[in-house]
Amino acid sequence: VRRGAFAAVTVAILVGPFTVPFLNVAADPEVDVDATLESAGFQPDLVELFIPPRFSRLWGRETAQFMKAQDIEPGIETNVYLTWSALVLAIVAWRKGSRRARPWLLFAALCALTALGPGLKILGEGTFTRYDLTVLMPYALLTELPGFDFMRAPGRFMMIGSVALAIGAAFGLSWVLQRRPQQARFIFVAVTIVALLEVWPRPWRQETLNPIPEFYQQIAGDEMLY
């Protein structure tokens, strides 16, 4: 309680002075900060929480092929992969670990739901049943609150959620290490290696450069001054 109160007071002191100007700008009709409708173009697909990102060195190409086959349009803001190793340890923490792990895991789940954007999208589909209904997600309600209409990239909520997931997974790893003290070092190293392999990136070009015309190649080699 003391730590929580100290953190709350610290945040109030550091962030409080910015709150009023922030709300004033958000309410100013001459300043257009509403980017909410852009969120639909940046929202992740549900499966992107559970499949490695496209820039993964091991599975990136397979992920790209799978997304193309399912008509999923990934973007630079939709990489919200939770990692299988963290999910397995999170399940262990929920079932066997300390009860202190559950609030962190619940918070991570809430962040994951919010990161999915204004409406649920599964395998490229955003409407369901013959009525073409959209599943409303928490993000859509959050951006309706005053001062939150500037947000346009739902996936960024997993920047916070990943921290909570890592803490919850650490409780699960701790439980495993306590039950296997003789193999603790091996298990720890193995889990670390697996986690690194899951997210280790490969070179990922942002765009493909156009071929250089022969004329420009010719004048590039011309040493004359004009």
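The rules behind the values
Residues numbered from 1 in each chain as written. Predicted model: local features only at pLDDT ≥ 70, side-chain atom pairs only at ≥ 80, totals over all residues. Heavy atoms only, no water. Helix = DSSP H or I, 4+ residues; strand = E, 2+ residues; numbered from the N terminus. Rg over C-alpha atoms; globule rule 2.2 N^0.38 Å. Buried < 20%, exposed > 50% of the residue type's maximum accessible area, 1.4 Å probe, protein only. Contact = heavy atoms within 4.5 Å. Lys, Arg positive; Asp, Glu negative; His and termini not counted. Charge placed at Lys NZ, Arg CZ, Asp CG, Glu CD. Phe/Tyr/Trp six-rings, centres within 6.5 Å; stacked < 30°, edge-to-face > 60°. Core = buried A, V, L, I, M, F, W, Y, C linked by side-chain atoms within 4.5 Å. Axes fitted to C-alpha atoms, helices over the stretch in contact; angles between N-to-C directions. Parallel < 35°, antiparallel > 145°, perpendicular 65-115°, else oblique. Nonpolar A, V, L, I, M, F, W, Y, C, P; charged D, E, K, R; others polar. Salt bridge = Lys/Arg side-chain N within 4 Å of Asp/Glu carboxyl O. Expected span 1.5 Å × (residues − 1). Arc of directions from axis to C-beta. Left-handed = near helix turned anticlockwise from the far one by under 90°.

Draft legend 1. Representation of the overall build of the chain in the model. A count of helices and strands for the chain gives eight helices and zero strands. Start at the N end of the chain and walk to the C end: the helices and strands fall as α-α-α-α-α-α-α-α. Taking 17 Å as the expected radius of gyration for a compact globule of 226 residues, we find that the chain reaches 23 Å, considerably beyond that expectation. With the principal axes as the frame, the chain shows a C-alpha extent of 75 × 55 × 50 Å. Burial analysis of the chain (226 residues in total) assigns 28% to the buried set. By sequence separation, contacts in the chain at least 24 residues apart represent 71% of the contacts at least 6 residues apart. Placing the 20 positive and 20 negative side-chain charges of the chain at their respective mean positions leaves the two points 24 Å apart.

Draft legend 2. The arrangement of the packing of aromatic side chains in detail. Applying the stated rule across the entire model yields four aromatic pairs. With a centroid separation of 5.5 Å and 55° between ring planes, the pair formed by W59 and W84 is classed as tilted. Of the two residues, W59 sits in the loop between helix 1 (2-27) and helix 2 (60-69) while W84 sits in helix 3 (residues 84-95), which places them 25 residues apart along the sequence. When its relative accessible area of 31% is taken as the criterion, W59 is described as partly exposed. Owing to a relative accessible area of 37%, W84 belongs among the partly exposed residues under this scheme. On the numbers, 6.2 Å between centres and 85° between planes, the contact of Y139 with F157 is edge-to-face. Residue Y139 is found in helix 5 (residues 138-142), and its partner F157 is found in helix 6 (residues 157-179); the two are separated by 18 residues along the sequence.

Draft legend 3. Up close: the environment of A153. Within the fold, A153 resides in the loop between helix 5 and helix 6. With a relative accessible area of 10%, A153 lands in the buried category. Once the C-alpha coordinates of A153 and R205 are considered, the two residues, 52 residues apart in sequence, prove to be 21 Å apart. Contact partners of A153, with chain neighbours within four places excluded, come to F42, E77 and Y139.

Draft legend 4. The nonpolar core, seen in detail. Counting residues in each nonpolar core, the largest one holds 26 residues, and the members touching the most others are L49, M158 and L165. Within the residue set of this core, elements represented by two or more residues are helix 3, helix 4 (101-115) and helix 6. With seven residues, the top contributor of residues to this core is helix 6. Excluding residues that lie within four positions of it along the chain, M158 makes contacts with L49, V80, L82, C111, A112 and A115.

Draft legend 5. Geometry of the packing of helix 3 against helix 7 (residues 184-199). Remark: helix 3 packs on helix 7, axes separated minimally by 8 Å, with the N-to-C direction vectors making an angle of 135°. With respect to helix 7, the axis of helix 3 lies oblique. Counted together, W84, S85 and L89 of helix 3 and V191, V194, A195 and E198 of helix 7 form the full contact between these two elements. Counted by class, the contact of helix 3 with helix 7 contains five nonpolar, one polar and one charged residues.

Draft legend 6. A look at the pattern of salt bridges. For the coordinates displayed, the defined rule picks out one salt bridge. For the salt bridge of E77 with R156, the shortest nitrogen-to-oxygen distance reads 2.7 Å. With E77 in the loop between helix 2 and helix 3 and R156 in the loop between helix 5 and helix 6, this pair connects stretches of sequence that are 79 residues apart. When its relative accessible area of 42% is taken as the criterion, R156 is described as partly exposed.

Draft legend 7. Region of the structure containing helix 7. For helix 7, which comprises 16 residues, the first-to-last C-alpha distance of 23 Å matches the rise-based estimate of 22 Å (1.5 Å per residue) to within 8%. Taken together, the buried positions of helix 7 are A184, I187 and E198. The arc that holds the buried residues of helix 7, viewed along the axis, is 65°, so those residues lie on one side. Exposed residues pointing more than 90 degrees away from the buried face of helix 7 are listed as R185 and F186. Buried-residue contacts for helix 7 involve helix 3 and helix 6.

Draft legend 8. Structural detail: the packing of helix 3 against helix 4. Following both chains from N to C, one finds helix 3 and helix 4 inclined at 135°, their axes separated by 9 Å at the closest point. In terms of their interaxial angle, helix 3 and helix 4 are classed as oblique. As for the relative orientation of helix 3 and helix 4, their crossing is left-handed in sense. On helix 4, the residues that touch A90, A93 and W94 of helix 3 are A101, R102, L105 and L106. Split into classes, the residues belonging to the contact of helix 3 with helix 4 amount to six nonpolar, no polar and one charged.

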